[in-house]
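# Summary of the model geometry
Residue strings, one per chain:
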Amino acid sequence: MNDFICVSEEVKQAIKENKPIVALESTIISHGMPYPKNVETAMAVEAVVRKNGAVPATIAILKGVPKAGLTKDEIDYLGKRGHDVIKVSRRDLAAVYAKKIDGATTVSATMLLANMAGINVFATGGIGGAHRNAQSTFDISADLEELARTPVLVVCAGAKAILDLPLTREYLETKGVPVYGWKTSNMPAFYTQTSGLTVDYRVDSAEEMADIFRASREFNMGGSLLTVPIPSEFAMSETAITEAIEQALRQAEKQNIKGKEVTPFLLEKVVELTGGKSLESNIKLVLNNAAVASNVAVAISKNRRKFW
Ligand code: PSU
Ligand code: MN
């Protein structure tokens, strides 16, 4: 474990005893959902992790201190401050630390910090990816590069169709990031169960995923992506979500939204345009991913052979 990151007593103990731990990101709290649903969801996700036998470690930077394992008050603080907290991806870490300010970590920064702390399973909703027109804008999330280099298993519901999913898929392939499908061969598209794309390998149990992930560590392969389809009862209608996404994209273009603002802007607009329906689906799939991630973390920790 690295001393640079402040790990809560509970998480520290779990690391020492090789107990299962699931890392959780904080940009989803500050920038991914509105208050107070963001805080309620973050707490519910932690409860699901515990119920499934693992220890939750929500990751963020508070007054410059990178932390793994937040208190309820700290989660509440991030949720209330929302967009006033800096959205921190890999490139922001050093400055936010040295300036002693608050930062909510994206998938990329959460992976990096989780790995520093010795945590190797991470649950979230969706990852960032190649945006539409990335061919000319070069707007490709740092999440994809992080997956290529940092040996953490990220459990998500795929990527949102606000992105160019085929380009995102190709990029992962180029970078050598394995994409697994939880009980499916189709890559899910966040609000819907399929994207029309395939995964590299279907995985049918937590034990199988644990074996594969352990092997990926031995081969020094970098990160892995386990995609879990949203449970069918919570999935959205393809036409409703497509329409909302198209409209959100048009508004982003009209308002000339750029850089790190793009994803939070689109997420917010989609919630608005679906009358909050997409938010409910979003919450359900995050809870589902947290349960799957916990089961995999438990399976990984059962094998006492340590590769890291
Ligand atoms: N996609 C979602 N919800 C989210 C995000 C992505 O469905 O909350 C957040 C995650 O923190 C992710 C980040 O790492 O947005 C990606 O931002 P960007 O596209 O600017 O890299
Ligand atoms: Mn971007």
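Please refer to the structure higher up on the page.
No experiment lies behind these values; they were computed from the predicted model shown.

### Focus on the pattern of salt bridges
Counted according to the given criterion, the structure contains 15 salt bridges. Across the salt bridge formed by D200 and R169, the nearest N and O atoms sit 2.8 Å from each other. Of this pair, D200 sits in the loop between strand 11 (192-198) and strand 12 (201-203) while R169 sits in helix 9 (residues 165-174), and the two are 31 residues apart along the sequence. Relative accessible area serves as the criterion here: at 33%, D200 is assigned to the partly exposed category. The class of R169 is buried, set by a relative accessible area of 8%. Of the charged contacts in the structure, one is a salt bridge between E272 and K269, with a shortest N-O distance of 3.5 Å. Here E272 pairs with K269, and both are found in helix 12 (residues 262-273), just three residues apart, close to one helical turn. Looking at E272, the relative accessible area reads 52%, which means it is exposed.

### Digging into the packing of aromatic side chains
Here the structure, examined in full by the defined rule, presents three aromatic pairs. Residues F4 and Y97 carry aromatic rings whose centres are separated by 4.6 Å and whose planes lie at 40° to one another, so their mutual orientation is tilted. Taken together, the positions of F4 in the segment before strand 1 (6-7) and Y97 in helix 5 (residues 93-98) put the pair 93 residues apart, joining distant regions of the chain. Judged by relative accessible area, Y97 falls into the partly exposed class, the value being 38%. Here F190 and Y191 contribute two aromatic rings whose centre-to-centre distance is 4.8 Å and whose plane-to-plane angle is 80°, an arrangement assigned as edge-to-face. Comparing F190 with Y191 shows no difference in burial state: the two are buried.

### A few points about the packing of helix 6 (residues 107-117) against helix 8 (residues 142-149)
With their axes 8 Å apart at the nearest point, helix 6 and helix 8 run at an angle of 25° to one another. Taken together, the axis directions place helix 6 and helix 8 in an arrangement best described as roughly parallel. Taken together, the residues of helix 8 that come into contact with helix 6 (itself represented by V107, S108, M111 and L112) are A142, D143, E146 and L147.

### As for the pairing of strand 9 (residues 179-182)
Burial along strand 9 is two-sided: the residues V179 and G181 and Y180 and W182 are all buried. Two elements, strand 9 and strand 13 (residues 224-227), share three bridges in a ladder whose sense is parallel. Bridged to Y180 within strand 13 is L226. Here strand 9 runs beside strand 12; their pairing, made up of three bridges, is parallel. The partner of W182 across the bridge, within strand 12, is V203.

### Considering the packing of helix 3 (residues 37-51) against helix 13 (residues 277-302)
Relative orientation of the contacting elements helix 3 and helix 13 amounts to 25°, with a least axis distance of 8 Å. Classified by the angle between their axes, helix 3 and helix 13 sit roughly parallel to one another. Judged by the twist between their axes, the crossing of helix 3 over helix 13 is right-handed. Residues K37, T41, A44, V45, V48 and V49 of helix 3 pack against L279, E280, I283, V286, L287, A290, A291 and S294 of helix 13. Residues that form the contact of helix 3 with helix 13 fall into these classes: 10 nonpolar, two polar and two charged.

### Quick word on the side chain of E74
Here E74 is to be found in helix 4 (residues 72-81). Of the polar contacts made by the side chain of E74, one reaches the side chain of K67; its length is 2.8 Å. Excluding residues within four positions of it along the chain, E74 makes contact with L62, K67 and G69.

Conventions and cut-offs
- Residues numbered from 1 in each chain as written.
- Chains lettered and ligands numbered in written order.
- Predicted model: local features only at pLDDT ≥ 70, side-chain atom pairs only at ≥ 80, totals over all residues.
- Heavy atoms only, no water.
- Salt bridge = Lys/Arg side-chain N within 4 Å of Asp/Glu carboxyl O.
- Helix = DSSP H or I, 4+ residues; strand = E, 2+ residues; numbered from the N terminus.
- Buried < 20%, exposed > 50% of the residue type's maximum accessible area, 1.4 Å probe, protein only.
- Phe/Tyr/Trp six-rings, centres within 6.5 Å; stacked < 30°, edge-to-face > 60°.
- Axes fitted to C-alpha atoms, helices over the stretch in contact; angles between N-to-C directions.
- Parallel < 35°, antiparallel > 145°, perpendicular 65-115°, else oblique.
- Contact = heavy atoms within 4.5 Å.
- Pairing = 2+ DSSP bridges.
- Left-handed = near helix turned anticlockwise from the far one by under 90°.
- Nonpolar A, V, L, I, M, F, W, Y, C, P; charged D, E, K, R; others polar.
- Polar contact = N/O pair within 3.5 Å; in protein donor to acceptor, adjacent residues only side chain to side chain.

Read these as layout, nothing more, since geometry by itself doesn't imply function.
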